[in-house]
Protein chains: 4
Amino acid sequence: MTRRIGILTSGGDCPGLNAAIRGVARAAYAMFDAEIVGIQDGYRGLIEGEWREMRRDEFSGILTLGGTILGTSRQPFRTMRVIGEDNVDKVKSMKKNYERMKLDCLVTLGGNGTHKTANLLSEEGLNVVSLPKTIDNDIWLTDVTFGFHTAVDIATDVIDRLHTTAASHGRTMVVEIMGNKAGWLTLYAGLAGGADIILLPEIPYDIDRVCEAVARRANAGKAFSILAVAEGAMDREEAAMKKKQRAEARAAMPYASVSHRIAAQIEQKIGVETRVVVPGHIQRGGSPSAYDRVLSTRFGVHAAQLIRDGVYGMAVGMHGHDVVHNPLREVAGKTKFVPQDHQIVQAARQMGICMGD
Amino acid sequence: MTRRIGILTSGGDCPGLNAAIRGVARAAYAMFDAEIVGIQDGYRGLIEGEWREMRRDEFSGILTLGGTILGTSRQPFRTMRVIGEDNVDKVKSMKKNYERMKLDCLVTLGGNGTHKTANLLSEEGLNVVSLPKTIDNDIWLTDVTFGFHTAVDIATDVIDRLHTTAASHGRTMVVEIMGNKAGWLTLYAGLAGGADIILLPEIPYDIDRVCEAVARRANAGKAFSILAVAEGAMDREEAAMKKKQRAEARAAMPYASVSHRIAAQIEQKIGVETRVVVPGHIQRGGSPSAYDRVLSTRFGVHAAQLIRDGVYGMAVGMHGHDVVHNPLREVAGKTKFVPQDHQIVQAARQMGICMGD
Amino acid sequence: MTRRIGILTSGGDCPGLNAAIRGVARAAYAMFDAEIVGIQDGYRGLIEGEWREMRRDEFSGILTLGGTILGTSRQPFRTMRVIGEDNVDKVKSMKKNYERMKLDCLVTLGGNGTHKTANLLSEEGLNVVSLPKTIDNDIWLTDVTFGFHTAVDIATDVIDRLHTTAASHGRTMVVEIMGNKAGWLTLYAGLAGGADIILLPEIPYDIDRVCEAVARRANAGKAFSILAVAEGAMDREEAAMKKKQRAEARAAMPYASVSHRIAAQIEQKIGVETRVVVPGHIQRGGSPSAYDRVLSTRFGVHAAQLIRDGVYGMAVGMHGHDVVHNPLREVAGKTKFVPQDHQIVQAARQMGICMGD
Amino acid sequence: MTRRIGILTSGGDCPGLNAAIRGVARAAYAMFDAEIVGIQDGYRGLIEGEWREMRRDEFSGILTLGGTILGTSRQPFRTMRVIGEDNVDKVKSMKKNYERMKLDCLVTLGGNGTHKTANLLSEEGLNVVSLPKTIDNDIWLTDVTFGFHTAVDIATDVIDRLHTTAASHGRTMVVEIMGNKAGWLTLYAGLAGGADIILLPEIPYDIDRVCEAVARRANAGKAFSILAVAEGAMDREEAAMKKKQRAEARAAMPYASVSHRIAAQIEQKIGVETRVVVPGHIQRGGSPSAYDRVLSTRFGVHAAQLIRDGVYGMAVGMHGHDVVHNPLREVAGKTKFVPQDHQIVQAARQMGICMGD
């Protein structure tokens with residue numbers, strides 16, 4: 001059996017991409033007669049026809065490597081709801097290049113945007129398998145995405161380092177943690193880092209509650225507090241606004257980000273010296289953790305199995321401790337948020353951690 | 001509501017013990033009127049009556065700390081099947097001290113041996129809750145134990161470091177990985193470290209298959225191989241022996257451990273220079289990983305919930321992504337081995353990794 | 001021989017403070033009959049009379065601990081040139097408390113500000129020994145300060161992580177690195193992280209040269225560039241300004257920091273997508289590296305020797321590979337900048353790294 | 001100016017080899033018209049004529065990579081004193097291949113053995129520059145070798161991890177640390193890891209003194225001790241023996257290594273439970289630390305300068321904080337041991353650390 005497989009990585013880079021690529025390749029080479037085509041910079045390469053045949057040895061030694069050997073780019077479409085003229089042309093180009101490459105199937109590694117486009121291509125008749133990559137952990141129908149736990153490790157290490165400064169200076173520190181509109185990364189890193197206050201996009205916060213929690217610690221003789229704040233966190237007023245209205249309100253504020261705004265409010269309301277740290281892109285870089293290497297490799301091998309069996313239009317994911325696959329159409333267009341009654345949220349509350357509400 | 005809680009940590013030390021202790025304490029203090037008694041060095045302290053009242057601030061700042069602030073010791077009973085005179089006395093002492101401490105309940109943190117004794121005490125009428133701690137991941141009715149993923153991280157880092165030496169010198173390296181009689185740690189670290197050959201206790205190996213795999217790589221132009229070997233791995237002859245017979249056979253061998261034996265056999269059979277590394281105790285030391293801090297904390301909080309609700313005789317565990325509890329009697333005395341058809345074993349085979357058989 | 005020693009840590013916290021404190025204590029206890037008084041929060045505790053007798057066991061287990069067990073605070077005087085009424089009072093308080101504590105001597109751990117005040121107290125007749133602590137490495141008459149190499153490790157790790165994102169996305173990344181007005185941290189981390197462009201306060205940059213270097217790499221087929229920019233870096237115009245004028249010019253700019261300004265200029269001038277990362281306080285937190293533990297310990301032991309020998313008014317430092325001491329008055333008030341012809345600067349130039357000029 | 005440069009790495013692999021190679025290459029390409037020939041597996045490739053032209057892009061992205069992209073092998077000569085027939089042939093082959101490759105010069109990266117051979121080739125008329133690579137830090141006329149501080153970091157991390165186990169179980173742990181016949185690595189890692197007893201080859205130990213130190217700590221209420229033991233450590237009897245006699249004495253002992261022997265003696269003499277950890281090859285693997293990346297890069301650039309200036313027969317080294325070069329003949333054949341009165345040894349003694357004597 002011969003299969004000619006195109007692979008692309010799309011969206012923000014993320015630890016585990018190369019491990020997953022290697023998993024697909026090693027299993028494919030071992031299980032059947034595989035040819036692998038690397039498509040450059042995600043969907044951009046598929047649209048513009050930039051690809052190359054991969055040699056078997058190119059998949060050696062990449063298990064531990066951060067980033068992606070295939071390059072990546074942002075999603076090709078601004079909005080998927082309305083596929084305008086321009087987008088129709090892009091889809092045409094992708095289909096034409098798929099044919100030119102003589103692919104039997106396409107493996108896409110990416111997040112929510114990637115899965116949407118993968119589903120679109122699947123509906124257009126291409127044979128697609130998609131793997132869930134994102135540090136945000138916000139993909140539907142998978143318990144966990146690869147990259148997430150490595151990002152948790154990095155963000156936790158950041159909080160650990162700030163702890164010593166906070167404790168030595170008796171300062172309050174606000175750490176802004178990635179995760180887009182979902183709070184997974186902040187929830188896990190906040191708990192692992194021993195944060196005193198954890199603010200998630202899913203639980204709009206009340207700044208007075210936050211200040212109370214800081215003040216309560218100060219009154220109990222703890223000179224410092226650590227706030228783990230999701231980049232997507234919102235206070236109650238913002239949460240009640242419509243999207244456009246919120247964007248306008250934010251543009252009128254003097255603060256670049258939610259974390260700076262919260263710090264300013266704490267200083268103003270209760271006079272506690274507060275510092276902000278925004279670790280930013282370091283949360284998505286570097287070698288994948290052991291956990292993510294195992295996960296990415298398993299996802300990659302599962303994709304090779306699906307290809308061997310000719311099962312397409314699927315999104316690979318984790319259910320409990322099993323790798324599974326679900327129809328792409330059930331995954332595309334949905335976002336997995338932290339449920340307000342998630343066991344970890346409950347555990348945090350039961351320990352007296354302030355969730356902002 | 002007031003609850004007076006005794007806590008002890010028993011068996012080999014393991015990352016996450018302090019995080020779990022902190023989880024119990026913080027949730028207990030936050031949820032009800034809790035008094036916490038620290039029992040020194042595991043069951044030894046319970047038998048000999050060595051304990052002390054803990055202050056609330058003793059649970060601060062220990063989340064990231066390796067080891068256990070309570071000390072630990074080996075199991076009190078050599079064998080649980082026959083409770084001889086001596087053991088009867090020990091049980092009596094434990095019950096008497098439980099009463100002297102005026103405990104409402106006892107939280108035990110440990111592995112299989114700890115759970116056995118916890119169950120015994122539960123059957124004797126004490127109120128016991130047990131948390132699953134071990135780097136071996138071999139406790140029944142929990143998908144994962146705390147300490148395991150930190151150990152995977154460490155063992156993977158060891159394999160990563162050996163990779164550069166192996167590749168630079170064109171050498172074969174055998175890494176002996178902990179895990180007692182179970183292969184979980186070796187399986188995960190072997191896959192995460194990109195080992196070429198993974199030998200687990202659950203899959204008896206054939207040394208000729210192992211040598212073939214090394215030779216095959218050499219013939220394919222790969223100058224080196226990495227073997228991840230579980231400390232409990234056995235070849236087929238050993239696996240077929242009875243326990244006593246095996247012990248005698250091993251005592252007659254010139255090698256201290258399975259890894260040295262395999263290395264000698266590879267050198268002798270196919271003339272490939274082979275080195276052994278036995279990282280040993282470093283696999284159980286140091287600060288818990290972010291994953292294990294979250295897990296330990298959740299387990300600790302769950303124990304506090306059970307105490308609040310007066311639910312005893314339980315072993316806390318993980319099922320999928322939920323913390324659960326099961327009757328101690330269903331957990332005690334059983335060992336969770338790697339199933340031969342475990343998805344990760346299958347994935348390893350599908351990638352062409354030699355599993356020794 | 002009995003010596004009663006006061007210890008304080010002052011200025012920004014820094015890895016190695018606890019290791020140095022432990023070095024003083026362990027050597028003092030071993031060499032003579034020592035009593036140690038911990039002064040809380042640096043000079044603040046000396047002024048306000050907040051201190052406590054330390055127990056010997058309080059110095060155990062702190063070697064690896066980040067931050068400072070004594071707490072710290074900013075310098076007590078805004079400006080040292082003019083000692084106004086208020087400052088005179090502060091000095092009086094410090095002398096009075098020194099007497100109240102019945103100290104034989106005072107060990108101060110800190111940076112340039114700390115050394116200034118230490119010198120002032122020495123001139124006022126107190127017995128002072130000062131240890132050079134700062135991640136900035138900018139203290140006079142010592143080749144290296146403790147905390148510096150740990151900060152280099154952290155900043156290098158940040159650059160490593162950004163490399164994977166930069167390479168995968170073909171993006172230019174600007175990393176803003178601490179160091180106050182000196183470029184040591186940026187120079188070392190920039191070289192260690194493989195930065196393409198390194199901008200130091202000591203070498204005013206020309207934005208056109210910087211853009212040329214980015215463009216040159218792009219033309220040579222390298223899709224990305226990494227800029228390591230010191231927080232104190234200045235372009236030529238700024239460097240030519242007087243301090244007050246510069247502050248005004250900066251206040252009028254729309255950018256919070258030099259790194260954001262450079263990124264905006266690169267995007268505007270040559271249209272290359274550029275991202276900024278400001279790791280901030282994480283550069284001063286966490287456990288000291290092995291290098292800094294050895295250095296801090298040696299400094300601490302040397303301080304204990306000086307106390308044993310009754311040699312005061314000294315600043316401890318490193319000369320080559322020897323720990324030495326110099327009169328505080330020769331160290332106070334000076335700053336050690338990176339010489340423009342430093343061997344590492346030359347090496348960077350010889351490798352084709354752009355230094356901005 | 002054109003220079004055709006051969007590069008080889010010889011002896012045990014070591015972090016920083018690739019960083020140094022990159023330093024040579026980047027500076028050479030930037031400073032003059034350079035052609036670089038990679039010689040495979042150290043002197044073996046020079047003898048057997050295995051080499052290849054390197055492309056410029058092969059030196060990209062290797063700064064952080066452990067091991068050596070050129071491969072390495074053991075020294076070509078068993079003993080350098082007597083150059084027998086076989087060795088004469090090897091030297092002839094090396095000279096012939098140097099000519100075949102049309103080299104202007106040869107850069108050798110290695111330890112003491114490598115420098116000896118480099119000096120031999122220099123005396124035979126080849127243009128040689130040698131860089132000091134070894135985790136042992138035992139090369140003459142350089143304050144520090146690259147690889148050393150990375151190994152210190154790793155060995156310190158090992159001791160850190162064992163600390164938690166030792167403290168939790170109240171056990172004595174013996175860690176065997178690399179360093180060949182020199183004690184540098186053990187001295188630094190022992191101090192950085194907070195070891196209680198440090199045994200170096202340069203200071204023969206008395207087992208009774210060691211046992212006394214362990215017992216003294218136990219009596220002072222410290223339940224555990226950490227011993228950092230150099231792989232080359234010897235007791236006084238062994239140290240007094242001649243080399244051959246010592247080898248015979250060791251062969252007659254039931255212990256594989258000095259660390260196991262010491263552990264057995266402690267258990268036997270004072271009945272304290274003692275465990276051994278031999279981290280082995282992990283001490284030489286993985287990515288170089290920031291310190292070693294800077295050092296290796298500087299050494300590499302210095303080699304390129306020497307080549308540019310036509311200065312050969314030189315060993316590059318560090319003197320204080322300056323990179324320098326010395327005649328190879330002054331470096332070859334000597335070993336830099338830890339002086340018995342080294343400042344760090346003195347500091348350790350002053351802190352009450354047992355040095356075994």
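Residues numbered from 1 in each chain as written. Chains lettered and ligands numbered in written order. Predicted model: local features only at pLDDT ≥ 70, side-chain atom pairs only at ≥ 80, totals over all residues. Heavy atoms only, no water.

Caption draft 1: Just the nonpolar core, in detail. In this structure, Leu131 of chain A, Leu131 of chain B, Leu131 of chain C together with Leu131 of chain D are the most contacted members of the largest nonpolar core, which totals 316 residues. Apart from residues no more than four positions distant in its own chain, Leu131 of chain C is found in contact with Ala20, Val24, Val107, Thr108, Leu109, Gly110, His115, Phe146, Phe299, Gly300, Ala303 and Val316 of chain C. (Core = buried A, V, L, I, M, F, W, Y, C linked by side-chain atoms within 4.5 Å. Buried < 20%, exposed > 50% of the residue type's maximum accessible area, 1.4 Å probe, protein only. Contact = heavy atoms within 4.5 Å.)

Caption draft 2: Representation of the sheet that holds strand β5 (residues 128-132) of chain C. All names here are of chain C. Strand order across the open sheet formed by seven strands is β3-β2-β1-β4-β5-β10-β11, with mixed pairing between neighbours. Unpaired on one side and paired on the other, β3 (51-53) and β11 (322-327) mark the two borders of the sheet. For this sheet the average axis-to-axis angle between neighbouring strands, irrespective of direction, equals 30 degrees. Examined bridge by bridge, β5 and strand β10 (residues 314-319) share two bridges and lie parallel to one another. If you follow Ser130 over to β10, its bridge partner there is Ala315. (Pairing = 2+ DSSP bridges. Helix = DSSP H or I, 4+ residues; strand = E, 2+ residues; numbered from the N terminus. Axes fitted to C-alpha atoms, helices over the stretch in contact; angles between N-to-C directions.)

Caption draft 3: View of the interface of chain B and chain D. Of the residues lining the interface, 29 residues belong to chain B; the matching set on chain D comes to 29 residues. Regarding the contact of chain B and chain D, the summed buried area is about 2300 Å², with carbon and sulfur atoms giving 53% of it. Of all residues in chain B, Arg161, Ser168 and His281 of chain B bury the most surface against chain D, accounting for 28% of the area lost on that side. Summed over the shared surface of chain B and chain D, the number is twelve residue pairs in polar contact (both at pLDDT 80 or more). Of all the secondary structure elements, the ones that give two or more residues to the side of chain B that touches chain D are α5 (148-169) and β9 (274-277) of chain B. It is α5 of chain B that contributes the most residues to the side of chain B that touches chain D, eight residues altogether. Among the residues making up the side of chain B that touches chain D, the classes are represented as eight nonpolar, 14 polar and seven charged. (Buried area = accessible area lost by both parts, 1.4 Å probe. Polar contact = N/O pair within 3.5 Å; in protein donor to acceptor, adjacent residues only side chain to side chain. Nonpolar A, V, L, I, M, F, W, Y, C, P; charged D, E, K, R; others polar.)

Caption draft 4: Fine view of the side chain of Ser168 of chain C. For Ser168 of chain C, the location among the structural elements is in helix α5 (residues 148-169). The exposure class assigned to Ser168 of chain C is buried, which follows from its relative accessible area of 3%. From its side chain, Ser168 of chain C meets the backbone oxygen of Thr164 of chain C in a polar contact 2.8 Å long. For Ser168 of chain C, the contacting residues outside a window of four places in its chain are Asp13, Gly67, Thr68, Gly71 and Thr72 of chain A.

Caption draft 5: A look at the UniProt feature "binding site: substrate" (unreviewed entry) in chain A. All names here are of chain A. Under the present numbering, the feature "binding site: substrate" (unreviewed entry) in UniProt falls on Thr134, Ile135, Asp136, Arg171, Glu231, Arg275, His281, Ile282, Gln283 and Arg284. A stretch of 151 residues holds the annotated residues, and the largest C-alpha distance among them is 32.6 Å, long enough that they do not meet in one place. Within the secondary structure layout, Asp136 lies in the loop between β5 (128-132) and α5 (148-169). Residue Asp136 is classed as buried on the basis of its relative accessible area, which comes to 12%. Once residues within four sequence positions are removed from consideration, Asp136 is found in contact with Gly179, Asn180, Ala182 and Trp184. Of note, Glu231 is situated in the loop between β8 (225-230) and α8 (236-240). Here Glu231 falls in the partly exposed class, since its relative accessible area comes to 34%. (UniProt positions renumbered as here; feature names shortened; annotations may be inferred.)

Caption draft 6: Local environment of the relation of the copies chain B and chain D. When chain B is brought onto chain D, the operation consists of a screw motion whose angular component is 180 degrees and whose axial shift is 0.0 Å, with 0.0 Å RMSD remaining. The two molecules are tied by a two-fold rotation axis, judged by turn and shift. When each C-alpha of chain B is compared by its distance to the rotation axis, Pro279 of chain B comes out closest, at 2.6 Å. (Least-squares fit on C-alpha atoms with pLDDT ≥ 70 in both.)

Caption draft 7: Spatial organisation of helix α6 (residues 184-193) of chain C. In terms of residue burial, α6 of chain C counts as a mostly covered element, since ten of its ten residues are buried. Among all positions in α6 of chain C, only Trp184, Leu185, Thr186, Leu187, Tyr188, Ala189, Gly190, Leu191, Ala192 and Gly193 of chain C are buried. Those residues of α6 of chain C that are buried are in contact with α5, β6 (172-177), β7 (197-199), β8 (225-230) and α13 (343-350) of chain C together with α11 (290-309) of chain D. Gly194 of chain C sits one or two positions beyond α6 of chain C and adopts a positive phi of about 75 degrees.

Caption draft 8: View of the packing of α5 of chain B against helix α6 (residues 184-192) of chain B. All names here are of chain B. The geometry of α5 relative to α6 is characterised by a closest axis approach of 8 Å and an angle of 45 degrees between their N-to-C directions. In terms of orientation, α5 lies oblique with respect to α6. As for the relative orientation of α5 and α6, their crossing is right-handed in sense. Residues Phe148, His149, Ala151, Val152, Ala155, Thr156 and Ile159 of α5 form the contact with α6, whose participating residues are Trp184, Leu185, Tyr188, Ala189, Gly190 and Ala192. Tallied by class, residues from the contact of α5 with α6 come to ten nonpolar, three polar and no charged. (Parallel < 35°, antiparallel > 145°, perpendicular 65-115°, else oblique. Left-handed = near helix turned anticlockwise from the far one by under 90°.)

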